[in-house]
Amino acid sequence: MLTDVLVFIGGFTVVFHMLKLAWRCWCGFKEYILSELWQVDLRTYGKWAVVTGATSGIGKAYATELARRGLDVVLVSRYDDKLQLVAREIEDQYGRKTRTIQVDFTEGHDIYPIIAEEIRGLEVGILVNNVGMAYSDNFAYFLETPDAEIKITQIVNCNMLSVPQMTRLVLPDMVERGRGLIINVSSELGIHPQPLLTLYSATKVSAC
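Here we summarise the structure given alongside this text. Along each chain, the written sequence defines residue order, and numbers are assigned to residues from 1. At least 70 in pLDDT is required for a residue's local features to be given in this predicted model, at least 80 for side-chain atom pairs to be given and counted, and no such filter applies to totals for whole chains, interfaces and linings, which use all residues. To get the side-chain values, take all heavy atoms of the structure and skip hydrogens and water.

**Focus on the packing of helix 2 (residues 57-68) against helix 3 (residues 80-94)**
Whenever a helix is involved, its axis is fitted only over the stretch in contact; in every case the axis is a line through C-alpha atoms, and angles between N-to-C directions fall within 0 to 180 degrees. Strands here are runs of E lasting at least two residues and helices are runs of H or I lasting at least four, both read from the DSSP assignment and numbered beginning at the N terminus. In contact at an axis separation of 10 Å, helix 2 and helix 3 are set at 25° when each is read in the N-to-C sense. For the element pair helix 2 / helix 3, the angle class is roughly parallel. For the element pair helix 2 and helix 3, the recorded crossing hand is right-handed. On helix 3, the residues that touch K60, A63, T64, A67 and R68 of helix 2 are V86, E89, I90 and Y94. Any residue outside Ala, Val, Leu, Ile, Met, Phe, Trp, Tyr, Cys, Pro, Asp, Glu, Lys and Arg is labelled polar, Gly included; the first ten of those are nonpolar and the last four are charged. Counted by class, the contact of helix 2 with helix 3 contains five nonpolar, one polar and three charged residues. An angle below 35 degrees is read as roughly parallel, one above 145 as roughly antiparallel, one from 65 to 115 as roughly perpendicular, and any other as oblique. Helix crossings get a hand from a simple test, with the near helix turned counterclockwise from the far one by less than a right angle marking a left-handed crossing and a clockwise turn marking a right-handed one. The contact criterion used is simple: two residues touch if any of their non-hydrogen atoms lie within 4.5 Å.

Written out as structure tokens, the structure reads:
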């Protein structure tokens with residue numbers, strides 16, 4: 001009897017792990033192979049994409065890939081010189097139109113009327129909520145956060161407030177057209193919070 005139970009448990013464990021492995025293989029195949037062979041025409045969502053935090057890292061990668069896929073791109077970031085550089089790169093390399101919006105997402109509500117005015121009349125099909133910031137260049141205990149009173153407000157404004165506020169600006173037209181795509185870029189630290197990065201982890205949960 002005991003032997004039968006152990007055989008059943010062992011068999012179930014093997015089947016479970018085989019199914020888990022098969023699922024991971026399928027996800028990898030779909031992401032890295034099928035995605036290259038069978039690409040959605042992103043232009044069906046709309047003519048323009050809006051990317052926040054678009055001058056470096058993941059944001060820049062999104063902006064250039066969306067341009068490569070045929071969309072015109074609105075670049076949103078806080079440094080005008082970097083915005084102009086990325087805009088020229090996209091225009092020269094992919095021949096797409098660009099617009100730049102210089103705003104600082106740490107400043108809170110005041111920037112959103114500016115963004116709304118800049119994208120007014122554009123058929124925005126894709127929004128990439130990418131902008132984000134950490135509160136320190138180094139690991140730090142929460143109580144040792146530099147300029148904590150200011151930094152806490154800035155990181156909440158940048159990492160959390162930006163997502164629903166930017167979504168609010170583009171979603172009504174998407175709903176009216178019956179199509180659109182909104183991508184919220186989060187972080188592994190939002191799924192698995194880490195010591196010494198608790199404030200950052202907490203703000204990135206909202207985009208998961």
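**A few points about the environment of K60**
Considering the arrangement of structural elements, one finds K60 in helix 2. Residue class for K60 comes out partly exposed when judged on its relative accessible area of 27%. With 70 residues separating them in the primary sequence, K60 and N130 have C-alpha atoms 9.6 Å apart. Residues contacting K60, with those up to four places away along its chain left out, are G53, A54, T55, V86 and E89. For every residue, the accessible area (1.4 Å probe, protein chains only) is compared with the maximum for its type, and the residue is labelled buried under 20%, exposed over 50%, or partly exposed between those bounds.

**Observations regarding a nonpolar patch on the surface**
A contiguous nonpolar surface patch, about 930 Å² in accessible area, is contributed by W23, W26, F29, Y32, I33, L37 and W38. Taking relative accessible area as the criterion, F29 reaches 36% and is therefore assigned partly exposed. Like charges within 9 Å and nonpolar side chains (Val, Leu, Ile, Met, Phe, Trp, Tyr) within 5 Å are joined into patches, using only residues over 30% in relative accessible area that form no salt bridge. Where accessible areas are quoted, they stem from the Shrake-Rupley method and a 1.4 Å probe; at the residue level, only the protein chains shown are allowed to cover. The rule for a salt bridge is simple: a side-chain nitrogen of Lys or Arg has to be within 4 Å of a carboxyl oxygen of Asp or Glu.

**Some details on the nonpolar core**
Only buried Ala, Val, Leu, Ile, Met, Phe, Trp, Tyr and Cys residues count toward a nonpolar core, and they belong to the same one when joined by side-chain atoms within 4.5 Å. Formed by 29 residues in total, the largest nonpolar core has its most connected members in F105 and I115. Elements supplying a minimum of two residues to this core: strand 1 (48-52), strand 2 (72-77), helix 4 (112-119), strand 4 (124-129), helix 5 (148-177) and helix 7 (198-204). Element by element, the count of residues in this core is highest for helix 5, at seven residues. Residues within four places of F105 in sequence aside, it is in contact with T52, V76, I111, Y112, I115, V131, N157, C158, S162 and M166. Counting residues in hydrophobic clusters, the runner-up holds 17 residues, among them A54, V86, V128 and V185.

**Concerning helix 4**
For an α-helix, 3.6 residues make a turn, and residues three or four places apart therefore share a direction. Y112, I115 and I119 are the residues of helix 4 that are buried. Looking straight down helix 4, one finds that the buried residues subtend no more than 60° of arc, so they occupy a single side. Elements in contact with the buried residues of helix 4: strand 1, strand 2, strand 3 (98-102) and helix 5. Comment: arc refers to directions from the helix axis out to C-beta atoms.

**Quick notes on the pattern of salt bridges**
For the structure on display, the rule yields seven salt bridges. Linking R179 and E123 is a salt bridge whose minimum nitrogen-to-oxygen distance equals 3.8 Å. Linking R179 in the loop between helix 5 and strand 5 (181-184) with E123 in the loop between helix 4 and strand 4, this pair joins segments that are 56 residues apart in sequence. When its relative accessible area of 25% is taken as the criterion, E123 is described as partly exposed. Residues joined by salt bridges that share partners form a network here, namely E65, R68 and R69.

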